[in-house]
Amino acid sequence: MRPRSVLAPLAATLTAGLAAVTCVAGPAAAQNAPARNACSPAVSIERFSDALDKTTYEGTFVGNFSALAVDRDGAIAALSDRSALFTLDPKTLSPRSVVPLADESGAALDSEGLVVDRDGTRLVSSETEPSVRRYSRDGAILDRLPVPDALRVAPAGRATTNQTFEALTLLPGGRTLLAGMEGSLSGDTAGIVRLQTWQRQSSQSNPHSHGHRDFRLGAQYGYRADAGLGLVETAATPDGRLLVLERGFTAGVGNTVRLYLADLRHATDTSRVDTLTGQKGVRLVRKTLLADIADCPSLGATAKQPQPNPLLDNIEGMTITGTTRGALRVLLVSDDNQGATQTTRFYSLQVRP
């Protein structure tokens, strides 16, 4: 989605492959030496790429990216919020294919979240209703998941337009799907957003289900974003925790983008809690700051508008592409909104949660 204006305090194009490289003298050096291109003790940036900025592929604008996922063959699936799903080469980022997406009536989506399921089908969230639909590789709708009434856009529910399902991720094991709301529901304290889950039903427990494709509503959790920031993406770590991106924008100053590690364990199921106000007895998801992206070295990046760090842009998509020596390899992408003052930029990070 387009970034909203906030009042939060703000603290070389490369086309090489995205595999992270770190040179160390040995285990002791790996533990004690500062990370190369460190953003924080837990995060370092390896490279960035503006190679796809303001380009087209087979007549489709390449940009407006809102989500990333790793396909079963290792390719990068990149979702545009203008109803297009690209497949990118994992080393060069060059587009390999593009598939148009639409709702059941053929109308465009405000597509924001993406998961490649274990059978290769695509789960895509849209902010419009909001919704989560399953698509085949060629863009045909296969099914649609249920959504709690309260999470629907007003007047049908209590959500605000363009503040709904911005994030989508599948937890390890493939049985739990999670969608993150970008903004708060009416009645909830500003900054506290809902994380909705679905549980995959097996054919043994429900003979009328679609087996591995069938999800039912599960637990819901409350997550407190930083003042003025919105939750824009989540990615599940191998141990079941979440990397969470929070982002905001202040005109004349630029973007704020922070990466957190969140833990659902011990959080209260809020699916039956009408309003979240920080009340006693309701435990929100715990989070730990990993890095403020403004603290990363700029690596020679340039910005088309004022930014606290010229490396920054409207970062909105994230996926974990693998591991290197115990560190997660994380790929981020910015949404340029097809505008002259923003850039489609990919970032390759190493993250040690």
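For the structure, check the block above.
A brief look at the structure comes next. Every chain is numbered on its own, with residues counted from 1 as its sequence reads. Local features are withheld for residues below a pLDDT of 70 in this predicted model, meaning they are given only at 70 or higher, and side-chain atom pairs are given and counted only at 80 or more; totals for whole chains, interfaces and linings count all residues. Side-chain measures were taken over the full set of non-hydrogen atoms in the model, leaving aside hydrogen atoms and water.

**Here we look at the sheet that holds strand β16 (residues 230-236)**
For step 1, the next point in the chain: At least two DSSP bridges between two strands are needed for those strands to be called paired. Put simply, DSSP H or I for four residues or longer makes a helix, DSSP E for two residues or longer makes a strand, and each gets a number counted from the N terminus. Strand order in the open sheet made by the four strands is β16-β17-β18-β19, with antiparallel pairing throughout. If you trace the sheet from one side to the other, it starts and ends with β16 and β19 (286-292), each paired once. Strand-to-strand twist in this sheet, taken as the mean axis angle between neighbours without regard to direction, amounts to 30°. Where helices are involved, their axes are fitted lines through C-alpha atoms of the stretch in contact, as for all axes, and angles between N-to-C directions lie from 0 to 180°.

**With respect to the packing of aromatic side chains**
For step 1, the next point in the chain: Pairing of aromatic side chains requires ring centres within 6.5 Å, counting the rings of Phe and Tyr and the six-membered ring of Trp. Pairs whose planes differ by under 30 degrees are stacked, by over 60 edge-to-face, and all others tilted. All told, the structure shown has three aromatic pairs when counted by the stated rule.
For step 2, the next point in the chain: Judged by centre distance (5.9 Å) and plane angle (80°), the rings of Phe-165 and Trp-198 are edge-to-face. Pair noted here: Phe-165 is in strand β12 (residues 165-170) and Trp-198 is in strand β14 (residues 192-200), with a separation of 33 residues, a long-range link. Comparing Phe-165 with Trp-198 shows no difference in burial state: the two are buried.
For step 3, the next point in the chain: What links up through ring pairs into an aromatic cluster is the set Phe-65, Phe-86 and Phe-346. Using a 1.4 Å probe on the protein chains alone, a residue whose accessible area is under 20% of its type maximum counts as buried, one over 50% counts as exposed, and one in between counts as partly exposed.

**Considering the layout of surface pockets**
For step 1, the next point in the chain: By volume, the largest pocket is sized at about 420 Å³.
For step 2, the next point in the chain: Of the two site types, the cavity is a set of points on a 1 Å grid over the protein atoms alone where a 1.4 Å probe fits but cannot get out, and the pocket is an open set with protein on both sides within 12 Å along at least five of seven lines, each lined by residues with an atom within 4 Å of a point. For the largest pocket, the lining is made up of 22 residues, of which Thr-169, Leu-170, Ala-236, Thr-319 and Ile-320 are closest to its centre.
For step 3, the next point in the chain: Listing elements by their share of the lining of the largest pocket, those giving two or more residues are β4 (65-70), β8 (111-116), β12, β16 and β20 (315-324).
For step 4, the next point in the chain: Top element by residues in the lining of the largest pocket is β16. It accounts for four residues.
For step 5, the next point in the chain: Grouping the amino acids of the lining of the largest pocket by side-chain chemistry returns 15 nonpolar, six polar and one charged. Grid points are joined across faces, edges and corners, and a volume is the space filled by probe spheres set on the points. Only Asp, Glu, Lys and Arg are considered charged, only Ala, Val, Leu, Ile, Met, Phe, Trp, Tyr, Cys and Pro nonpolar, and every remaining residue, Gly among them, polar.

**So, the pattern of salt bridges**
Two side chains that carry opposite charge are able to pair once their charged atoms sit near each other.
For step 1, the next point in the chain: Think of a salt bridge as a Lys or Arg side-chain nitrogen and an Asp or Glu carboxyl oxygen that are within 4 Å of each other. With the rule as written, the count across this model stands at 29 salt bridges.
For step 2, the next point in the chain: The closest approach of N and O atoms between Asp-188 and Arg-194, which form a salt bridge, is 2.9 Å.
For step 3, the next point in the chain: Given the relative accessible area of 8%, Asp-188 is considered buried.
For step 4, the next point in the chain: The buried category is assigned to Arg-194, whose relative accessible area is 3%.

Geometric descriptors of this kind do not, in isolation, establish any biological role.
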